[in-house]
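Architecture at a glance
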Amino acid sequence: DSGVTQTPKHLITATGQRVTLRCSPRSGDLSVYWYQQSLDQGLQFLIQYYNGEERAKGNILERFSAQQFPDLHSELNLSSLELGDSALYFCASSVGPESSYEQYFGPGTRLTVT
Amino acid sequence: GQNIDQPTEMTATEGAIVQINCTYQTSGFNGLFWYQQHAGEAPTFLSYNVLDGLEEKGRFSSFLSRSKGYSYLLLKELQMKDSASYLCAVRVRGNDYKLSFGAGTTVTVRA
């Protein structure tokens, strides 16, 4: 158990819908990272927040957005969902703002878009 | 982006040694990570190299050569539980620090 929690564990929804994935980092960690993992794309970095502020951006689509709240939990919002958005979405946390700090991954949310 | 290449699959026998190679082409290299991921589970951190040389951690060792854009992960005394995907990830320094992952190497350990 990494100490990072993600909800829900599984999510099935239809194309065109909007969903919110939630992540709580390990106690004491200020950085939260979001990743998408699909069979054909591998693990892709989406976005990072550090202490409430956006820190780094990766291959995140405009239909996706994220935020980190004052209690440090983070939410990833996915809208206008397409079949290709079906994937495992991982959240990771680390102590500091740089990704050289060891990242601890949550169990992931499996999103299925039908 | 970064080109990160690693073999797709490797098979080895319990008790043996396996070496997983990773090559990368990137500017602003600032460290290389190895992660282990069992099927359907989250990746777990194995090692971090930023300087050339070998880092040893129990049965696992990781090597880096920055001039060659090359790293390897060495798994010794293989156990059945080592069957997993091993992900090589490169950190680059640009405006921000980002991690880019390779596609992963699936290692199957056979009795």
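In this report, we go over the structure that sits alongside the text.

About the criteria used
Numbers given for residues are sequential positions, taken from 1 along each chain in its written order. Working convention: letters from A go to chains and numbers from 1 go to ligands, in the order in which they are written. Predicted model: local features are reported for residues with pLDDT of at least 70 only, side-chain atom pairs are reported and counted for 80 or more only, and whole-chain, interface and lining totals are derived from all residues. To get the side-chain values, all heavy atoms of the structure are used, and hydrogens and water are removed first. Where helices and strands are cited, they refer to DSSP runs of H or I of at least four residues and of E of at least two residues respectively, numbered from the N terminus. Radius of gyration here uses only the C-alpha atoms, and the compact-globule reference equals 2.2 Å multiplied by the residue count raised to the power 0.38. Exposure classes here rest on a 1.4 Å probe applied to the protein chains alone. A residue is buried below 20% of its type maximum, exposed above 50%, and partly exposed in between. Here, two residues are considered to be in contact whenever any of their heavy atoms come within 4.5 Å of each other. Values of accessible area rely on a 1.4 Å probe in the Shrake-Rupley scheme; residue burial ignores everything except the protein chains shown. Accessible-area loss on putting two parts together, using a 1.4 Å probe and summing over both, is the definition of buried area adopted here. Any carboxyl oxygen of Asp or Glu that lies within 4 Å of a side-chain nitrogen of Lys or Arg is treated as forming a salt bridge with it. Each polar contact in these results corresponds to two N or O atoms within 3.5 Å; when the atoms are within protein, one needs to be able to donate a hydrogen and the other to accept it, and residues that are neighboring in sequence are counted only if both atoms are side-chain atoms. In this count, Pro and Cys sit with the nonpolar residues alongside Ala, Val, Leu, Ile, Met, Phe, Trp and Tyr, while Asp, Glu, Lys and Arg are called charged and the others, Gly among them, polar. We call a pair of cysteine sulfur atoms a disulfide whenever their separation is within 2.5 Å. DSSP calls a pair of strands paired once it identifies at least 2 bridges connecting them. Working convention: axes come from line fits to C-alpha atoms, limited for helices to the stretch in contact. Angles between N-to-C directions cover 0 to 180 degrees.

Comments concerning the overall build of chain A
From N to C terminus, chain A includes 0 helices and 11 strands. Going from N to C terminus, chain A has its helices and strands arranged as β-β-β-β-β-β-β-β-β-β-β. Rg of the C-alpha trace for chain A: 13 Å, near the compact-globule value of 13 Å for 114 residues, within the 12% margin. A burial count over chain A gives 53% of its 114 residues as buried. A separation of at least 24 residues holds for 56% of the contacts in chain A among residues at least 6 apart in sequence. Carbon together with sulfur atoms contributes 47% to the accessible area of chain A, which is approximately 5400 Å² in total.

Here's the deal with the interface of chain A and chain B
Taken residue by residue, the interface counts 17 residues in chain A and 15 residues in chain B. Carbon and sulfur atoms supply 56% of the area that chain A and chain B bury against each other, a total of about 1500 Å² over both sides. The interface formed by chain A and chain B includes 0 salt bridges. Applying the counting rule to chain A against chain B returns 1 residue pair in polar contact (both at pLDDT 80 or more). Listing elements by their share of the side of chain A that touches chain B, those giving two or more residues are β4 (31-38), β5 (42-50) and β6 (53-57) of chain A. Taken together, the residues of the side of chain A that touches chain B break down into 7 nonpolar, 6 polar and 4 charged.

Concerning the state of the cysteines
Within this structure, the stated rule accounts for 2 disulfides over all chains. Each sulfur of the disulfide joining Cys23(A) and Cys91(A) lies 1.7 Å from the other. On the sign convention where negative is left-handed, the bridge of Cys23(A) and Cys91(A), at about -45 degrees about the S-S bond, is left-handed. Here Cys23(A), found in strand β3 (residues 19-24), pairs with Cys91(A), found in strand β9 (residues 87-94); they are 68 residues apart in sequence, far enough to count as distant. Residue Cys23(A) is classed as buried on the basis of its relative accessible area, which comes to 0%. Cys22(B) shares a disulfide with Cys88(B); S-S distance 2.0 Å. One quick way to see it: the torsion about the S-S bond of Cys22(B) and Cys88(B) is about -65 degrees, and its sign makes the bridge left-handed.

Examining the environment of His73(A)
Residues and elements named next belong to chain A. Among the structural elements, histidine 73 can be located in the loop between β7 (64-68) and β8 (74-78). A sequence separation of 32 residues divides histidine 73 from glutamine 41, and the C-alpha atoms of the two residues are 27 Å apart. Ignoring anything within four residues of it in the chain, the contact list for histidine 73 reads Arg22, Cys23, Ser24, Pro25, Gln67 and Gln68.

Re the sheet that holds β3(A)
All names here are of chain A. One open sheet accounts for 4 strands, arranged β1-β3-β8-β7; its pairing is antiparallel. One side of each edge strand has no neighbouring strand; the edge strands of this open sheet are β1 (5-7) and β7. Neighbouring strand axes in the sheet, compared pairwise and without regard to direction, differ in orientation by 15 degrees on average.

In short, shape yes, function no, at least from these values alone.
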